[in-house]
Amino acid sequence: GYLWLASERGLLRFDGLRFVAVGDSTRRLARLGVTAQGDLWVGPTEGTLQVLRRGRLHDEAALGPVKGAVTGLLEDRGGALWVGMERGLW
(Lines give C-alpha, C1' and ligand atoms only; values in the text may rest on other atoms or scores of the structure.)
Protein backbone atom coordinates (compact mmCIF):
# COMPACT_ATOMS: atom_id res chain seq x y z
CA GLY A 1 0.00 0.00 0.00
CA TYR A 2 0.80 3.66 0.05
CA LEU A 3 1.23 6.23 2.76
CA TRP A 4 -1.05 9.23 2.10
CA LEU A 5 -0.17 12.67 3.45
CA ALA A 6 -2.12 15.94 3.68
CA SER A 7 0.34 18.78 3.23
CA GLU A 8 0.65 22.47 2.42
CA ARG A 9 1.43 21.33 -1.13
CA GLY A 10 -1.69 19.17 -1.50
CA LEU A 11 -2.21 15.41 -1.37
CA LEU A 12 0.97 13.34 -1.46
CA ARG A 13 1.39 9.60 -1.97
CA PHE A 14 4.52 7.88 -0.67
CA ASP A 15 5.43 4.44 -2.04
CA GLY A 16 8.43 3.82 0.23
CA LEU A 17 10.88 5.47 -2.16
CA ARG A 18 9.39 8.73 -3.41
CA PHE A 19 6.59 11.24 -2.86
CA VAL A 20 4.17 11.89 -5.71
CA ALA A 21 1.69 14.80 -5.78
CA VAL A 22 -1.89 13.70 -6.53
CA GLY A 23 -4.36 16.24 -7.91
CA ASP A 24 -3.92 19.99 -7.48
CA SER A 25 -0.55 20.47 -5.79
CA THR A 26 -1.36 24.08 -4.81
CA ARG A 27 -4.15 23.23 -2.33
CA ARG A 28 -3.28 23.38 1.35
CA LEU A 29 -4.75 20.38 3.14
CA ALA A 30 -5.67 19.96 6.78
CA ARG A 31 -7.04 16.40 7.25
CA LEU A 32 -7.53 13.01 5.65
CA GLY A 33 -10.19 10.44 6.48
CA VAL A 34 -10.78 6.95 5.14
CA THR A 35 -14.12 5.12 4.82
CA ALA A 36 -14.92 1.43 5.21
CA GLN A 37 -15.17 1.21 1.38
CA GLY A 38 -11.61 2.52 1.02
CA ASP A 39 -12.46 6.05 -0.14
CA LEU A 40 -9.98 8.69 1.02
CA TRP A 41 -11.60 12.01 1.95
CA VAL A 42 -9.38 15.06 1.63
CA GLY A 43 -10.13 18.07 3.84
CA PRO A 44 -8.68 21.42 2.78
CA THR A 45 -7.81 24.48 4.84
CA GLU A 46 -10.47 26.17 2.66
CA GLY A 47 -12.34 25.37 -0.53
CA THR A 48 -14.07 22.15 -1.57
CA LEU A 49 -13.82 18.71 0.02
CA GLN A 50 -12.39 16.05 -2.28
CA VAL A 51 -12.57 12.28 -2.32
CA LEU A 52 -10.08 9.82 -3.81
CA ARG A 53 -12.25 6.99 -5.12
CA ARG A 54 -10.98 4.13 -7.31
CA GLY A 55 -7.73 5.98 -8.00
CA ARG A 56 -9.33 9.27 -9.08
CA LEU A 57 -9.59 12.50 -7.11
CA HIS A 58 -13.02 14.18 -7.32
CA ASP A 59 -14.31 17.50 -6.00
CA GLU A 60 -17.42 17.11 -3.87
CA ALA A 61 -18.87 20.46 -4.95
CA ALA A 62 -22.41 19.40 -3.99
CA LEU A 63 -21.34 19.67 -0.36
CA GLY A 64 -20.40 23.33 -0.82
CA PRO A 65 -17.19 25.12 0.15
CA VAL A 66 -15.58 24.48 3.50
CA LYS A 67 -15.78 27.48 5.84
CA GLY A 68 -12.38 27.38 7.53
CA ALA A 69 -9.99 24.48 7.90
CA VAL A 70 -11.26 20.92 8.23
CA THR A 71 -10.33 19.70 11.72
CA GLY A 72 -11.65 16.15 11.46
CA LEU A 73 -13.16 13.59 9.07
CA LEU A 74 -14.95 10.53 10.39
CA GLU A 75 -17.33 7.91 9.00
CA ASP A 76 -19.89 6.67 11.52
CA ARG A 77 -21.23 3.10 11.78
CA GLY A 78 -24.09 3.96 9.43
CA GLY A 79 -21.73 5.17 6.69
CA ALA A 80 -22.40 8.90 7.16
CA LEU A 81 -19.42 11.22 6.82
CA TRP A 82 -18.93 13.77 9.61
CA VAL A 83 -16.79 16.81 8.85
CA GLY A 84 -15.47 18.92 11.72
CA MET A 85 -14.53 22.46 10.78
CA GLU A 86 -13.16 25.47 12.62
CA ARG A 87 -16.63 26.99 12.47
CA GLY A 88 -18.93 24.04 13.00
CA LEU A 89 -19.85 20.47 12.18
CA TRP A 90 -21.33 19.12 8.96
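Here is a short report on the structure shown in this document. No experiment lies behind these values; they were computed from the predicted model shown.

Cut-offs applied
Residues numbered from 1 in each chain as written. Predicted model: local features only at pLDDT ≥ 70, side-chain atom pairs only at ≥ 80, totals over all residues. Heavy atoms only, no water. Helix = DSSP H or I, 4+ residues; strand = E, 2+ residues; numbered from the N terminus. Rg over C-alpha atoms; globule rule 2.2 N^0.38 Å. Buried < 20%, exposed > 50% of the residue type's maximum accessible area, 1.4 Å probe, protein only. Contact = heavy atoms within 4.5 Å. Areas by Shrake-Rupley, 256 points an atom, 1.4 Å probe, with all protein chains shown as cover. Patch = residues over 30% accessible without salt bridge, like charges linked within 9 Å, V, L, I, M, F, W, Y side chains within 5 Å. Salt bridge = Lys/Arg side-chain N within 4 Å of Asp/Glu carboxyl O. Core = buried A, V, L, I, M, F, W, Y, C linked by side-chain atoms within 4.5 Å. Pairing = 2+ DSSP bridges.

What follows covers the overall build of the protein chain. The secondary structure content of the protein chain amounts to 0 helices and 12 strands. Reading the secondary structure of the protein chain in the N-to-C direction produces β-β-β-β-β-β-β-β-β-β-β-β. Scaling as 2.2 N^0.38, a compact globule of 90 residues should have a C-alpha radius of gyration of about 12 Å, and the protein chain matches this with 13 Å. Its C-alpha atoms give the protein chain principal-axis dimensions of roughly 40 × 30 × 20 Å. Counting all 90 residues of the protein chain, 33% fall into the buried class. For the protein chain, the proportion of contacts with a sequence separation of at least 24, taken over those separated by at least 6, is 22%. Per element, the accessible surface of the protein chain, about 5,900 Å² overall, is 50% carbon and sulfur.

Okay, a nonpolar patch on the surface next. A cluster of nonpolar side chains, contributed by Leu74, Trp82 and Leu89, occupies part of the molecular surface with about 340 Å² of accessible area. Looking at the secondary structure, you find Leu89 in strand β12 (residues 88–89). According to the relative accessible area criterion, Leu89 is exposed, its value standing at 60%.

When a protein is soluble and globular, its nonpolar side chains tend to lie buried together. Counting residues in each nonpolar core, the largest one holds 9 residues, listed as Trp41, Leu49, Val51, Val66, Val70, Leu73, Leu81, Val83 and Met85. Put simply, the parts of the chain that give this core at least two residues each are β10 (70–75) and β11 (81–85). Each residue touching Leu73, except ones within four places of it in the same chain, is listed here: Arg31, Leu32, Gly33, Trp41, Val42, Gly43, Leu49, Trp82 and Val83. One finds Leu11, Val22, Val42 and Leu52 within the second-largest nonpolar core, a separate group that totals 6 residues.

A separate point is the pattern of salt bridges. It is possible for side chains of opposite charge to pair when their charged atoms get near one another. By the definition in use, this model includes 4 salt bridges. Asp15 is the salt-bridge partner of Arg18, the closest N and O atoms lying 3.5 Å from each other. One salt bridge in this structure joins Asp59 and Arg27, with 4.0 Å as the shortest N-O distance. With Asp59 in strand β8 (residues 56–59) and Arg27 in the loop between β3 (19–22) and β4 (29–34), this residue pair connects regions lying 32 residues apart in the sequence.

With that settled, the discussion passes to the sheet that holds β11. Spatially, the 3 strands line up as an open sheet ordered β10-β11-β12, and their pairing is antiparallel. Strands at the two margins of the open sheet, each flanked by one partner only, are β10 and β12. Two strands pair when backbone bridges link them, and β10 and β11 are joined in this way by 5 bridges, in the antiparallel orientation. By the bridge assignment, Glu75 is partnered in β11 with Leu81.

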